[in-house]
Amino acid sequence: MLFAVFLDVDGVLNTKTTCQHTPDGYTGIDDARVKILANAIKMYDCYEVILTSDWKEMGEYDDDYLYLLEKLDLYGLDIAGKTKDQGNNRGEGIINYLKAHPEIDDYVILDDHKFDFMNYTGLWERLLVTDGIERAEFASRTPEVEAMVFMDYIKRFS
Ligand SMILES: [Mg+2]
């Protein structure tokens, strides 16, 4: 079973109070939060991290993008793919990604914003809204089992 996490960065792997900075001077990434993500996702035998964050728009050799890869790599994670969206249609970007990747059996979405996710029941019920990954909440009042399981893992490793 291939399990995917659609990952936002800002508001998930950092918060407004994060002291770390990227090479270009933006808010950085907290190792402790990457560790929580890594521990949770490694509960699955087969998993992928798909980047949904605006960080995906950076060039592959941008200092800040390399910084992100380095931070993930500290805990053995890498980026298997990136969604494409126009404007703030982040949910639509995920829907298109899922259509192009039928090998993904189940997934959750980590994001600190709700964007257009509510327009897609499957996404909404798998959305964990964060304020830092350790403070995740279900977007839906009727979350999918996969979201509940992943929430348990986050809490376990926080
Ligand atoms: Mg964000």
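This one's a predicted model, so the numbers in the text were calculated from it and none came from an experiment.

Caption draft 1: Expanded view of the environment of Lys82. Residue placement: Lys82 occurs in strand S3 (residues 81-82). Spatially, the C-alpha atoms of Lys82 and Glu70 are 17 Å apart, while their sequence positions differ by 12 residues. A polar atom in the side chain of Lys82 sits 2.7 Å from the side chain of Glu60. Within the structure, the side chain of Lys82 is placed 3.4 Å from the side chain of Tyr65, a separation counted as a polar contact.

Caption draft 2: Region of the structure containing a nonpolar patch on the surface. Together, Phe138, Val145 and Met148 line one region of the surface with nonpolar side chains, adding up to about 250 Å² of accessible area. Relative to the helices and strands, Phe138 resides in strand S6 (residues 136-138).

Caption draft 3: Region of the structure containing the pattern of salt bridges. Summed over the entire model, instances satisfying the criterion amount to 12 salt bridges. The closest approach of N and O atoms between Asp8 and Arg90, which form a salt bridge, is 3.1 Å. Placement of Asp8 in the loop between strand S1 (2-7) and helix H1 (31-41) and of Arg90 in helix H3 (residues 90-100) is noted, with a sequence separation of 82 residues between them. Pair check on accessibility: Asp8 and Arg90 agree, each one buried.

Caption draft 4: Looking closely at the packing of aromatic side chains. Evaluated as defined, the whole model comprises 7 aromatic pairs. An angle of 35 degrees between the planes, with centres 5.6 Å apart, marks the rings of Phe3 and Phe150 as tilted. Here Phe150 lies in helix H5 (residues 145-157) and Phe3 lies in strand S1, a separation of 147 residues in the sequence. Accessibility expressed as a relative area gives 0% for Phe3, which makes it buried. Judged by centre distance (5.7 Å) and plane angle (85 degrees), the ring pair of Phe6 and Tyr107 falls under edge-to-face. Taken together, the residues Phe6 in strand S1 and Tyr107 in strand S4 (residues 106-111) connect sequence positions 101 residues apart.

Caption draft 5: Geometry of the environment of Ile29. By secondary structure assignment, the location of Ile29 is in the loop between S1 and H1. For Ile29, a relative accessible area of 0% puts it in the buried group. Measuring from C-alpha to C-alpha, the distance between Ile29 and Lys71 comes to 7.2 Å, with 42 residues separating the pair along the chain. In this view, Ile29 contacts Val9, Leu13, Gln20, Val34, Trp55, Tyr67, Leu68 and Lys71; residues no more than four positions away in its chain are not counted.

Thresholds, definitions, all that
Residues numbered from 1 in each chain as written. Predicted model: local features only at pLDDT ≥ 70, side-chain atom pairs only at ≥ 80, totals over all residues. Heavy atoms only, no water. Helix = DSSP H or I, 4+ residues; strand = E, 2+ residues; numbered from the N terminus. Polar contact = N/O pair within 3.5 Å; in protein donor to acceptor, adjacent residues only side chain to side chain. Patch = residues over 30% accessible without salt bridge, like charges linked within 9 Å, V, L, I, M, F, W, Y side chains within 5 Å. Areas by Shrake-Rupley, 256 points an atom, 1.4 Å probe, with all protein chains shown as cover. Salt bridge = Lys/Arg side-chain N within 4 Å of Asp/Glu carboxyl O. Buried < 20%, exposed > 50% of the residue type's maximum accessible area, 1.4 Å probe, protein only. Phe/Tyr/Trp six-rings, centres within 6.5 Å; stacked < 30°, edge-to-face > 60°. Contact = heavy atoms within 4.5 Å.

Everything listed is a geometric property; what it means functionally is a separate question.
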